[in-house]
Amino acid sequence: MKQNIAIRVDDLTVAYNYKPVLWDIDLEIPEGVLMAIVGPNGAGKSTLIKSILGILKPIAGSVSIYDKPYDKQRALVAYVPQKGSVDWDFPTTALDVVMMGTYGSLGWIKRPGQRQKKAALEALEKVGMLPFKSRQISQLSGGQQQRIFLARALVQNASIYFMDEPFQGVDATTEIAIINILKELRKAGKTVVVVHHDLQTVPEYFDWVTFLNVKKIATGPVKDIFNDNNLTKTYGINYKVSVQE
Amino acid sequence: MKPQETHNLCGFTTATNIKNCKHLKPKTIDITEYITLVFTDYTLRTITLGTAILGAVTGMLGSFAVLRKQSLLGDAISHAALPGIAIAFMLTDTKDSNVLLLGALISGLLGTFWIRGIIKKTHLKSDTALGLILSLFFGFGMLLLTFIQKQPNANQAGLDKYLFGQAATLLEADVWLMASVTGICLLVLIVFWKEFKILLFDADYTKTLGFNTKFIDILITSFIVLAIVLGLQTVGVVLMSAMLLAPAAAARQWTNSLATMVGLSAVFGASSGVVGTAVSASQNNLSTGPVIVLVASVFVLVSFVFSPSRGLLFKQIRFIKNRRDLQLHKTLAFMYNIAETHHNIAHPHTIKILNNFQGFTKRTLQELVKKNYVKLEGSMWSLTEEGFKTASNLYNQQPENNE
């Protein structure tokens, strides 16, 4: 079975100071997988996503989306940042935040219109947040805020979704709602990459996994590589060797 | 070198267009007389317009500074502008406000980019970087001012007005400059509204959508610097940041929409300017800049107390009301538990049983009667049908929004 490669990362190295956060990452993510990136704190999981998305500038290496540079393929990619990365007391409503997902396709200066609003409302419906569309975002619970972020990415109608810890600090209801949407996305042939912390749910939620700890430990189908050997390599002794201090 | 202690409206004699100073001399003027004066008196009209426009533009831009958590940036920029004023004076030997403000603009921008540089390149946090640049530039500026003061040059005296500002020195040309900058700023705000909003909320995400966040960022920051520099003549280096922050902080209390906040902030800023000028002109010519800042602070104070959704007063009222409701419900639940033991829920019980229950007070009982949950007969009470139904359904389904 020959699958298309949705995301290809070559020799990616990222450092904030002199010590690398990511070292020489080679990664091929096939189209249509629901992939978890797992690894201990400080392993560079978020950094990997941010570098692929061009938020961080790598020291070396390249990223391609469907064999073209990311710059040319932005329209195919959507991003769900960590919920804690923004100030939820910002004066705006849930609908307004979801509308922001349409800004990319609008480009500079053009304002969102009826079509964009309709798309945003549909996305809100999908995540079960339609009744809260006019709610000031600080009045939403953590799980609801996460769903708003997910809706904002859904509006982009992308082929590839990157999500940074979407299950962090959400209750069971939201977690189930989110994972169902992710599975739906996969069914529709989309590629979904998720930074994930809860190792126990990996086999249940995902079909592909990447073990990361500064270096790439392993990547492949969950059923083949999600085993003690790789877990030990990622979280065990090797952890101490590769990220001292 | 000391700042001028009294900044009366007519004090600055080189402002050639001041003609009607006599009108402004009286210690107190009644309101109608003052309003006529604003429209007829050239100086007063210029100052009122100038401070109003200044308040509007700083209020507008201040919203962005506050929402980006860059409240202190304004303070650093205004202080950083001081050496620019001094150097511009030393180089050109003129007191033309345009030349001096150009100097202020350059050194303000320089300070801003240093701050950004320090935050980016070192491990220092932004407050440290701001404080560092603020005091460094201000110290250097003061040094230059003292140096100029010591020079045998008759032209020097006016520079210290930039410390605390002197609205009386505003000329029509200055007001025109302010108006055009405000106009351009408004235009840019409208054109790039969507980009500003998304950058303020989520910069990383904005980048992934393909927007040049650096460009948007520099655009906002440049306008903030420009607005601050424009205000130096009127409000001065030391108090200028209040013009940026106070209207925005006040406006945030009243609305949950960015557009309304920006608009309201502009209105608050402009009103502070107008009212401040009026107070200063009618009350024995108090120094205008500080009065404007104080008026703006009154807006903040009132907003913090009286805003319906975020204000302290209504928050407290809601808090008390909630407690009372809970107490009421708790009492009702207690009565329900007693009533439940009888076949007939309307069976009367003595009030005495309630006395060893914490949530119960005489007033709660009265309140329950008023809501028709409970009937009172002498010293006996009984649940009504409605009270029983309400009590059995209390908090059965937690509404989702109540987390």
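All residue numbers refer to position in the chain's written sequence, counted from 1. Chains carry letters and ligands carry numbers; both start at the beginning, A for chains and 1 for ligands, and go up in the order they are written. The predicted origin of the model limits local features to residues at a pLDDT of at least 70 and limits the giving and counting of side-chain atom pairs to 80 or more, whereas totals for whole chains, interfaces and linings rest on all residues. Side-chain figures throughout are based on the complete set of non-hydrogen atoms in the structure, without hydrogens or water.

Draft legend 1. Spatial organisation of the packing of helix H12 (residues 240-252) of chain B against helix H13 (residues 258-282) of chain B. All names here are of chain B. As a packed pair, H12 and H13 sit with axes 8 Å apart at the nearest point and diverge in direction by 130°. Relative to H13, H12 is oriented oblique. The handedness of the crossing between H12 and H13 is right-handed. For the pair formed by H12 and H13, the contact residues are Pro247, Ala248, Ala250, Ala251 and Arg252 on the first element and Met261, Leu264, Ser265, Phe268 and Gly269 on the second. For every element, the axis is a line fit to its C-alpha atoms; helices are fit only across the contacting stretch, and the angle between N-to-C directions ranges from 0 to 180 degrees. The secondary structure listing takes helices from DSSP runs of H or I that are at least 4 residues long and strands from runs of E that are at least 2 residues long, numbered from the N terminus. An angle counts as roughly parallel when it lies under 35 degrees, as roughly antiparallel when it exceeds 145, as roughly perpendicular when it falls between 65 and 115, and as oblique in every other case. Note: crossing handedness is left-handed where the near helix turns anticlockwise from the far helix by less than a right angle, and right-handed where it turns clockwise. Contact definition: two residues touch when any of their heavy atoms are within 4.5 Å.

Draft legend 2. Here's a closer look at the side chain of Gln233(B). Residues and elements named next belong to chain B. Among the structural elements, glutamine 233 can be located in helix H11 (residues 213-235). Classification of residues uses two cut-offs on accessible area relative to the type maximum, computed with a 1.4 Å probe and protein chains only: under 20% is buried, over 50% is exposed, and between them is partly exposed. A relative accessible area of 3% means that glutamine 233 is categorised as buried. A polar atom in the side chain of glutamine 233 sits 3.3 Å from the backbone oxygen of threonine 169. Contact partners of glutamine 233, with chain neighbours within four places excluded, come to Ser97, Leu101, Lys161, Tyr162, Gly165, Gln166, Ala167, Thr169, Leu170 and Asp174. In the analysis that follows, any N or O atom pair within 3.5 Å is treated as a polar contact, provided that within protein one partner can donate a hydrogen and the other can accept it, and provided that, for residues neighboring in sequence, both atoms belong to side chains.

Draft legend 3. Structural view of the confidence of the model for chain B. All names here are of chain B. Overall, the prediction assigns chain B a mean pLDDT of 84, with 89% of residues at 70 or greater. Residue-level confidence of the predictor is summarised by pLDDT, bounded by 0 at the bottom and 100 at the top. The element-level mean pLDDT for chain B is lowest in helix H1 (residues 21-24), coming to 46, with helix H9 (residues 193-201) highest at 95. A low-confidence stretch, residues 1-26 (pLDDT under 50), is modelled with 51 contacts involving residues beyond four sequence positions or located in other chains. In the predicted structure, residues 399-403 sits below a pLDDT of 50 and forms six contacts with residues beyond four places in sequence or in another chain. This complex was scored by the predictor with a pTM of 0.84 and an ipTM of 0.91.

Draft legend 4. Geometry of the pairing of strand S1 (residues 5-15) of chain A. All names here are of chain A. Burial runs high along S1: eight of the 11 residues are buried. A pair of strands is labelled paired if DSSP reports no fewer than 2 bridges between them. Joining the antiparallel neighbours S1 and strand S2 (residues 20-30) is a turn of four residues. Relative to strand S4 (residues 60-65), S1 runs antiparallel, the two sharing five bridges. Opposite isoleucine 7, over in S4, you have isoleucine 65 as the bridge partner.

Draft legend 5. Fine view of the nonpolar core. Side-chain atoms within 4.5 Å are what join buried Ala, Val, Leu, Ile, Met, Phe, Trp, Tyr and Cys residues into a set we call a nonpolar core. Formed by 163 residues in total, the largest nonpolar core has its most connected members in Ile7(A), Phe162(A), Leu182(A) and Leu232(B). In terms of residue count, the dominant contributor to this core is H11(B) (12 residues). Core analysis: the second largest hydrophobic core is formed by 17 residues, Leu328(B), Tyr336(B), Leu368(B) and Phe388(B) among them.

Draft legend 6. Molecular detail of helix H18 (residues 385-393) of chain B. Residue and element names in this part refer to chain B. Within H18, burial applies to Gly387, Phe388 and Ala391. All buried residues of H18 lie within an arc of 100° about the axis, which places them on one face of the element. Among the exposed residues of H18, those pointing more than 90 degrees away from its buried face are Glu385 and Lys389. Each element contacted by the buried residues of H18 is listed here: helix H15 (312-340) and strand S3 (380-383). A positive phi of about 50° marks tyrosine 395, the residue just after H18. Arc definition: it is the arc formed by the directions from the helix axis to the C-beta atoms.

Draft legend 7. Quick look at the interface of chain A and chain B. Facing 39 residues of chain A, the contacting portion of chain B comprises 33 residues. Buried area is a sum: the accessible area each of two parts loses on coming together, probed at 1.4 Å, counted once for each and added. Both faces combined, the contact of chain A with chain B buries some 3100 Å², and carbon together with sulfur accounts for 59% of it. Here, a salt bridge means any side-chain nitrogen of Lys or Arg that lies within 4 Å of a carboxyl oxygen of Asp or Glu. There are six salt bridges connecting chain A and chain B. Among the salt bridges present, the one from Asp89(A) reaches Arg310(B), with a minimum N-O distance of 2.9 Å. Remark: the boundary between chain A and chain B carries 16 residue pairs in polar contact (both at pLDDT 80 or more). The greatest single-element share of the side of chain A that touches chain B, amounting to four residues, is contributed by helix H5 (residues 142-155) of chain A. Note on residue classes: Ala, Val, Leu, Ile, Met, Phe, Trp, Tyr, Cys and Pro are nonpolar, Asp, Glu, Lys and Arg are charged, and everything else, Gly too, is polar. By residue class, the composition of the side of chain A that touches chain B is 19 nonpolar, 10 polar and 10 charged.

Draft legend 8. Region of the structure containing the packing of aromatic side chains. Pairing of aromatic rings covers Phe, Tyr and the six-membered ring of Trp, with a centre-to-centre limit of 6.5 Å; geometry is then stacked below 30 degrees between planes, edge-to-face above 60, and tilted otherwise. Within this structure, the stated rule accounts for 17 aromatic pairs over all chains. Note on Phe90(A) and Phe201(B): the rings are 5.4 Å apart at their centroids and 50° apart in plane angle, and the pair reads as tilted. Within this pair, whereas Phe90(A) is found in the loop between strand S6 (77-80) and helix H2 (94-99), its partner Phe201(B) is found in helix H9, the two belonging to separate chains. The pair Phe90(A) / Phe201(B) is uniform in exposure class, with both members buried. Of note, Arg152(A) hangs over the ring of Phe149(A), and the distance from its end group to the ring centre comes to 4.3 Å. Think of it as a cone above the ring: NZ of Lys or CZ of Arg counts as a charge over the ring if it is within 6 Å of the ring centre and within 35 degrees of the ring normal.

Draft legend 9. Representation of H5(A) within the structure. All names here are of chain A. When the terminal C-alpha atoms of H5 are compared, their 20 Å separation across 14 residues agrees well with the 20 Å that a helix rising 1.5 Å per residue should span. H5 sits mainly inside the fold: 13 of its 14 residues count as buried. Just downstream of H5, asparagine 157 is the residue with a positive phi angle, here 50°. Each residue after the first adds 1.5 Å to the expected span of a helix.

Draft legend 10. Here's a closer look at a positive patch on the surface. A contiguous patch of positive charge on the surface is contributed by Lys57(A), Lys120(B), Lys121(B), Lys207(B) and Lys214(B). When you line up the elements, Lys121(B) lands in helix H5 (residues 97-121). Accessibility expressed as a relative area gives 71% for Lys121(B), which makes it exposed. In this analysis, a patch consists of residues with relative accessible area above 30% that form no salt bridge, clustered at 9 Å for like charges and at 5 Å for the nonpolar side chains Val, Leu, Ile, Met, Phe, Trp and Tyr. Computed with a 1.4 Å probe, the accessible areas rest on the Shrake-Rupley method; for each residue, only the protein chains presented here act as cover. Asp and Glu are treated as the negative residues and Lys and Arg as the positive ones, with His and the ends of the chain left uncounted. Charged groups are reduced to one reference atom each: NZ for lysine, CZ for arginine, CG for aspartic acid, CD for glutamic acid.

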